[in-house]
Amino acid sequence: MTGTPRGHTGPANGPASRRSDASRSAILAAARERFAADGYERATIRAIAKDARIDPSMVMRYFGSKDGLFAAAVTLDLRMADVSQVPRTEAGRALVGHFLDIWEANEELTAVLRVAVTNKAGAERLQDIFREQVVPVAARVCPDPEQVVTRAGLCAAQLLGLALTRYVLRLPPVAALAREEIMAWLAPTVQRYLTAPSP
């Protein structure tokens, strides 16, 4: 009689697969911390492997190269708010509120920003994230289709400027602001970038 032996769960969800998933997760977690602490250029595969308690050859096996590891480590879904579900006049507030929610809960974003301000590869990855996930938000409410990218860029400037000063540099006056204070200051500016007539 042939077939799967009793107790065998198959390659897709067996012990080897679970070990592989755990190893990948450990490598990615170590890479994010190392890239954030050392920057892209100084972070090494060997150091990341040591942090993850993994042989360096396994890092290469999973990700192929340092560039491949970096791209995997900073693949982030901002889960941007669906502003089509809120009144057009509230789009700025919805976007700022959503941004604060995910930034407060996701240290990976802070790590990516630290890398991005000192490294070309990090900057390009962050540009990709905002081009793919912020531009579509602006496109839903912008009054002029030709200005979508510009307006999204201005929104990103405000939001990333806040992130840099609040979560990376920890500038005391900005770090001390309560959520509602940030909303009161920033939401009208983002709203203007999204929907106001062109100056």
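Above this text is the structure in question.
Residues numbered from 1 in each chain as written. Predicted model: local features only at pLDDT ≥ 70, side-chain atom pairs only at ≥ 80, totals over all residues. Heavy atoms only, no water.

**Focus on the environment of Arg-140**
- Tracing the backbone through its elements, the reader meets Arg-140 in helix α8 (residues 135-141).
- The partly exposed category is assigned to Arg-140, whose relative accessible area is 46%.
- A sequence separation of 55 residues divides Arg-140 from Thr-195, and the C-alpha atoms of the two residues are 10.0 Å apart. (Helix = DSSP H or I, 4+ residues; strand = E, 2+ residues; numbered from the N terminus. Buried < 20%, exposed > 50% of the residue type's maximum accessible area, 1.4 Å probe, protein only.)

**Quick word on the packing of helix α5 (residues 91-105) against helix α9 (residues 148-168)**
- One can describe the packing of α5 onto α9 by two numbers: an axis separation of 11 Å at closest approach and a directional angle of 35 degrees. Seen from above, α5 lies across α9 with right-handed handedness. Contact residues: Leu-95, Val-96, Phe-99, Leu-100, Trp-103 and Glu-104 in α5; Leu-159, Leu-160, Leu-162, Ala-163, Arg-166 and Tyr-167 in α9.
- Of the residues contributing to the contact of α5 with α9, the split by class is 10 nonpolar, no polar and two charged. (Axes fitted to C-alpha atoms, helices over the stretch in contact; angles between N-to-C directions. Left-handed = near helix turned anticlockwise from the far one by under 90°. Contact = heavy atoms within 4.5 Å. Nonpolar A, V, L, I, M, F, W, Y, C, P; charged D, E, K, R; others polar.)

**Topic: the environment of Phe-130**
- Its location among the elements puts Phe-130 in helix α7 (residues 120-133).
- Taking the C-alpha atoms as reference, Phe-130 lies 10.0 Å from Cys-155; in sequence the two are 25 residues apart.

**Looking at unusual backbone geometry**
- The backbone of Arg-53 sits at a positive phi, close to 60 degrees, despite the residue not being glycine.
- Summarising the element assignment, Arg-53 is placed in the loop between α2 (45-52) and α3 (56-63).
- Exposure remark for Arg-53: the relative accessible area of 77% places this residue in the exposed category.
- Phi at Arg-170 takes a positive value of approximately 50 degrees, unusual for a residue other than glycine.
- Position of Arg-170 among the secondary structure elements: in the loop between α9 and α10 (172-175).

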